[in-house]
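Examining the three-dimensional arrangement
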Amino acid sequence: MRARRAATAYLLILPFFAVFGLFWAGPIAASFLYSFTEWRGITPPSPVGLRNYENLLYDERFFTALGNTLWMAGLYVAIANTAALSLALALDSGWMRLRQFFRTAFFLPMTLSMVVAAVIFQLVYAGDIGLLAKLLAPLGIEIPALLRDPATAPYALVAMRVWRTTGYYAIIYLAGLQAISSELREAARLDGASELNVIRHVVLPGLKPVALFCIVLSTVSGLEMFDEPMVLTQGGPGDSTLTVVMFVYQQGFQFLQLGYAAAASYVLTVLIVLVSLVQRFWLRERGR
Amino acid sequence: MSDRLTPRRVLVILALFGVLAIIVMPWVWALLSSFKPRSEIMSTGFLPSEWLLDNYSGLFRDTLFVRWMFNSAVVSLSAAFLAMGLCGLAGYGFAKFDFPAKETLFLLVVASVSIPPFTTVIPLFGWMAKLGLLNTYPVLVLPFAASAFGLFMMRQYVSTLPDELFEAARIDGCGEARLFWSVVLPLARPALATVGILVFISSWNSFVWPLIFMRSNEMFTLPVGIAGMNSEQMAEYGLVMAAAVLSSVPMLLVFFAMQKQIIAGLTKGAVKG
Amino acid sequence: MKRRSFLAGAAAGTVGLAAARAPAIAQARTTKITYWCWSEHARGAQAVYPRFRERNPDIEVEILNLNPQEIQDKILVAMATGVGAPDVGLLIESRFPTYPPTGGLSEVTEHVAPREADFSPRLRTRLKHNNRYFGFPYIQNAAVMFYRQDYFAEKGITAPIDTWAQWVEAGKRVRDRQRNIYMHQVSPGAVGFANLTGYMEGAGVQLFDEAGKTVRQNRRAAEVMRFYFDLVRTHEISLLVTHNSPEHFVAIREGRLAALHSGNWGLDRLETEARADRGKWKVQPFPRWSADGPPAVGTWGGSVLVIPRQSRNQAAAAKWAQYLSSDVDAQVGLWQNGYGYPTSVRAQADARLREPQGFLGQSMYEASLQGREVNYFNLVADWPRVQIEMGRQIDAMFQGQKAPEQAWADFEAAMVRQYG
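Structural notes, computed from the coordinates. All values derive from a computational prediction rather than experimental measurement.

This next bit is on the overall build of chain B. Scanning chain B for helices and strands turns up 13 helices and two strands. Taking the contacts inside chain B whose residues are at least 6 apart along the sequence as the reference set, 80% of them involve residues at least 24 apart.

Below, the structure written as structure tokens:
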């Protein structure tokens, strides 16, 4: 009976894993092997052991990329989640009408694919003729060409990503908020708890799983940032927006160092796994 | 709770509308720009001096926009439905059965999310070529159908369904196939809808994948086609704006129509994570 | 006025579809090949295709208009995996050296070597790898200077301006802080290097010797770098903005630039972006570094035709590439439909190159190219690496983090680490 149940289970998961194996697990394993080779094109890869990883250690640009990726992703995760949660809390207030309307409006940026959004933002940030400059000109604020200055370009990219995804995360947070039983909140209020206290002691703890979901999701996507620097800055000016995935793209597709590129992406993979484990652990611990 | 407008509430509402303005502005601006003549796109002023449909007619006449839209729709819808099937089946398997290597397999899938783009492209490209899948729809559909998030979400959701239900059905002589079809699927509909829409979104927006695996103009999807209008050699901003506006409409409609299911799925799926 | 450039792409699609509907009998005899290229090249190829078809009724070409960066990436993926390449591809010339060592390109010596006399000796070195040809000469692009005659006339400046020193002097007169007018524009970043190339090559500078080793203590190069910097920061006559960015287009359209440094194909851009100023724009040769120096200019882009080894239609592919490369009418057609400067010496001598361009009211060839020798850098594999490194240094220099000389020294050191 148990064997039959297991067989049924395998049958159920078989279709998924057939596709998953071919399109994900297989190539992931293959490129892991490539990361130990030197491979430049049609000639078969030649094994070089750990040399690609060693070279990464001495590659100044890789560390620049790693640094940029970490702080940009960190900033993005912090802003996007704080903003999304605040929006969700505001919308969740019982007296808020128009919730549907806001929810749809918040979804609007997600309907533009990242590349298309980046093209639009190219014109938003385009120096004195960009939308941003036009909007701020009446206030007497002059906006320089944000993408041309290494001091501002990373922020411009993060801002664009925040713009694109905050509404989406707000929708998820809102869904989480509405799942928290309103009786619980009502009870707390009747006990004389202030609005802020209700949020702190009843709402936020109940929101933990959603927060975990959103934070992990936004972290992973933040650490894999590529489309924006690709379309808007090519990693410049002066490598200020060079992300690890952008680095991988340059090494692999422009310099044809396929083994080296694979090694760089595995370093990033390990980093992502570590970060999400830490986040998971941290949020779980705090909830106890 | 009362419905009175206290000063604090007014502030919150004002802030919300402020955020709303920021969120909507670039899209509205794209919309306005799409009606402008070519020379006005980057000049001062928000409203077109005259409202022209040139960019739209240009889009339909000079590019394969309709074809790209069709490709995107075919690919994304197929991916969404296939993902609902694959993830539904597997999610049920993971939620309600015990079998050797269960946790390992599940972790493997979840960990695959951490793999950055490009890592898998080079090996895959060779394999797809051998299978004759380059420049075909399946190569864009299948990888998105095996969605790790989808599996994760279905597992969470199905595990919230009471075991007794399944036992009762089995005692009634219900086979596993029928059980899945007439118990799991209907009950998990909100989660399935969520998986469908998430997969739809990621497929609809994906860029790197179709860029590399599609080899001809007629097989491009919207993002690749639109990005092609914006190369350094030929920046057709008016057309890009028109294309951006039109390309966002289907997704907006999908979201609008399915909002309830999505919210319900998110609430129970992600939230229980 | 020309139609939008990707029209050609859409048309290519239609051609492809129409071909699919051709009768089966015809198909049995017809070899169908694909050709990947971009914007003005697709337009040019469309224009000269009917003549090719007449002469080769058995070969059908599907001309695919793709984004140039994408073509390089896609062909590279094809090189790496051995599948998915077109029959003929167009490569950005500076990126060409990366491809032959992959082993993925067909050797084309038998087609190219016999007509060596018909193109520049410098190009011979460029297209060879281990002394064998892997690319067909296609078009070269020389640096030229477009300028606003009305602005020059207003300040009593007579063009053509011969040397850079004179250019700077003229620039100081043209520069108008009130009206926000600059002499011309220079780019930061890696794009800036693409522009700087035209300046350096014109000065006869080499970054690498013929063996691909870094030239050390490259004083002349550092001087050009200093000059590029001075244009913006010392003389303040040039606007620092990325070439072909929205800001750049707007500056052209609003008349804030009195000149445009560019390859000869830049005319194509001017015709679309500055439509209203038709007749005001003229062209002159790129300024020289000294009045007694050679009349040499640098390149500005340029591309190479290649045939991937995977192509199953090698013979037909070679015919198409050879046609674009060597047929005088084809080469002239590429000039007339996108201003690609013919590599073929016979095509350069053709009377049709001397016909005036309506937008300029003068013959671009006569006014800016004729009698100018085109200098070339020695290239190394993975040129984007050179571009990216140089882009970083250019940015650091314009940010004021280091002097141009230091930026050059740092660049040289990085190149020595990479290429020896």
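Continuing now.
If you look at the biggest cluster of nonpolar residues, it comprises 312 residues, and the most contacted ones within it are Phe16 and Tyr173 of chain A, Ala83 of chain B together with Trp320 of chain C. In terms of residue count, the dominant contributor to this core is helix α7 (residues 153-179) of chain A (15 residues). Lining this core are residues from two domains, each supplying at least three of them: domain 1 (7-141 + 301-360) and domain 2 (142-299 + 375-419) of chain C. Discounting chain neighbours no more than four positions away, the residues touching Tyr173 of chain A are Ala84, Leu85, Ala88, Val210 and Cys214 of chain A.

Once that is clear, we can look at the interface of chain A and chain B. At the junction of the two partners, chain A supplies 72 residues and chain B supplies 72 residues. Here the element with the most residues in the side of chain A that touches chain B is helix α1 (residues 2-34) of chain A; it accounts for 18 residues. Partitioning the side of chain A that touches chain B into residue classes produces 54 nonpolar, 13 polar and five charged.

A separate point is the environment of Arg253 of chain C. Residues and elements named next belong to chain C. Counting through the fold element by element, Arg253 comes out in helix α11 (residues 246-253). According to the C-beta neighbour criterion, Arg253 is partly exposed, with 17 such atoms within 10 Å. When the C-alpha positions of Arg253 and Arg275 are compared, they lie 8.4 Å apart, and in sequence the two are 22 residues distant.

Right, let's talk about the environment of Gln259 of chain B for a bit. All names here are of chain B. Looking at the element boundaries, Gln259 is found in helix α13 (residues 237-268). Judged by C-beta crowding, with 17 C-beta atoms within 10 Å, Gln259 ranks as partly exposed. On a C-alpha basis, the gap between Gln259 and Ile197 in space is 9.9 Å, while along the polypeptide they are 62 residues apart.

This part covers unusual backbone geometry. The linkage connecting Ala159 of chain C with the following residue, Pro160 of chain C, adopts the cis geometry, with an omega of 0 degrees. Tracing the backbone through its elements, the reader meets Pro160 of chain C in the loop between α7 (149-154) and α8 (164-174). The residue Asp239 of chain A is not glycine, and still its phi comes out positive at about 65 degrees. Residue position: Asp239 of chain A is located in the loop between α11 (227-233) and α12 (244-254). Even without being a glycine, Glu236 of chain C presents a positive backbone phi close to 55 degrees. Its place among the elements puts Glu236 of chain C in the loop between α10 (219-233) and β8 (238-240).

Quick look at helix α10 (residues 208-223) of chain A now. An α-helical segment advances 3.6 residues per turn. Residues three or four places apart therefore align on the same side. Along its 16 residues, α10 of chain A runs 22 Å from first to last C-alpha, staying within 8% of the 22 Å computed at 1.5 Å per residue. Looking only at α10 of chain A, the buried set comprises Val210, Ala211, Phe213, Cys214, Ile215, Val216, Leu217, Ser218, Thr219, Gly222 and Leu223 of chain A.

All names here are of chain C. The element strand β12 (residues 299-306) is extensively covered by neighbouring structure, given that eight of its eight residues are classed as buried. Two strands pair when backbone bridges link them, and strand β3 (residues 88-92) and β12 are joined in this way by four bridges, in the antiparallel orientation. If you follow Gly89 over to β12, its bridge partner there is Val306. Where strand β6 (residues 136-148) meets β12, five bridges bridge the pair, whose relative direction is antiparallel. Among the inter-strand pairings, Ile139 is bridged to a residue of β12, identified as Ser303.

What counts as what
- Residues numbered from 1 in each chain as written.
- Chains lettered and ligands numbered in written order.
- Predicted model: local features only at pLDDT ≥ 70, side-chain atom pairs only at ≥ 80, totals over all residues.
- Helix = DSSP H or I, 4+ residues; strand = E, 2+ residues; numbered from the N terminus.
- Contact = placed C-beta atoms within 7 Å.
- Core = buried A, V, L, I, M, F, W, Y, C linked by C-beta atoms within 7 Å.
- Buried ≥ 20, exposed ≤ 12 C-beta atoms within 10 Å, placed from the backbone.
- Domains from an automatic or database assignment.
- Nonpolar A, V, L, I, M, F, W, Y, C, P; charged D, E, K, R; others polar.
- Expected span 1.5 Å × (residues − 1).
- Pairing = 2+ DSSP bridges.

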